[in-house]
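Close look at the chain arrangement
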Amino acid sequence: MKENFEQSLKMLLKHEGNYSFHPDDPGGETMKGVTRAVYEQWVGRQVMDGEMKTLTDADVAPIYKTNYWDRIKGDDLPSGLDFAAFDWAVNSGTGRPAKVIQKYISAKQDGAIGPKTLALVAENDPANMIQYLYEQRQKFYERLKTFETFGKGWTRRNQETLKAAMEMTNG
C-alpha cells in the first residue's frame, strides 16, 4: 500500500544495519544495505574510499523506493504483503519475491509484478501469501552456500519480517 513505504523502510533499515564489509558477503561493501556497486550506479560515478560510511537514511531512501519498492509494486500490494516482498527484494533481488507471489497465485512467473499479477493477488488472502513467501524465502536461504555463515541472521530477519507483515495485515 502506498502509505506503507515509510514504515516498511524504517523496518527494513533496522534489518540492514549500518556499515558492513564482510569478506564472505558477495555484496561486498555496504551501508544501510546499499552495496557500493548499487550506490555507484545510482550516483553515476565511482565512490571514493570512505564515502560509503557516510551515507544517511535520506541518501538511501530514494534508492530503496525506486529500485525495490516501485519494482515490486509496493504501492499496489496489500498491506503486509508489500513489506514481506520489499524486504526479500532488497535482500535477494526483486525478481525472486515476485516469482514466488506469481507461483502462489498461479500466474506466469516472469518476476515482474504487473496488472495481471495484481488482479490475481487481489483475489487471495494476504496472510496466506505472506506465510508462503516466508516459507519459500527460508528454503531459499537454506540452499545458499553462505547459509552457515549468515543463516542465523537471515532466519531471524525472515521471522521478524513475517511477524511484522502479519501485524500489518491486521492493522
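Look a little higher up for the structure.
**Details of the overall build of the protein chain**
- On a plain count of helices and strands, the protein chain comes out with eight helices and three strands.
- When the helices and strands of the protein chain are placed in sequence order, the string is α-β-β-β-α-α-α-α-α-α-α.
- Against the compact-globule benchmark of 16 Å for 171 residues, the protein chain has a radius of gyration of 16 Å, which places it among compact chains.
- When the backbone C-alpha atoms are referred to their principal axes, the protein chain occupies close to 50 × 35 × 30 Å.
- Taken over 171 residues, the protein chain has a buried fraction of 47%.
- Counting only contacts in the protein chain whose residues sit at least 6 apart along the sequence, the fraction spanning at least 24 positions is 59%.
- About 9,200 Å² of surface is accessible on the protein chain, with carbon and sulfur atoms providing 49% of the total.

**What about the sheet that holds strand β2 (residues 30-31)?**
- Taken together, the three strands give an open sheet; going across it, the order is β1-β2-β3, and neighbouring strands pair in antiparallel fashion. The strands lining the two open edges of the sheet, one partner per strand, are β1 (19-20) and β3 (34-35).
- The pairing of β2 with β3 spans two bridges and is antiparallel. Bridge pairing in β3 places M31 opposite V34.

Conventions adopted
- Residues numbered from 1 in each chain as written.
- Predicted model: local features only at pLDDT ≥ 70, side-chain atom pairs only at ≥ 80, totals over all residues.
- Heavy atoms only, no water.
- Helix = DSSP H or I, 4+ residues; strand = E, 2+ residues; numbered from the N terminus.
- Rg over C-alpha atoms; globule rule 2.2 N^0.38 Å.
- Buried < 20%, exposed > 50% of the residue type's maximum accessible area, 1.4 Å probe, protein only.
- Contact = heavy atoms within 4.5 Å.
- Areas by Shrake-Rupley, 256 points an atom, 1.4 Å probe, with all protein chains shown as cover.
- Pairing = 2+ DSSP bridges.

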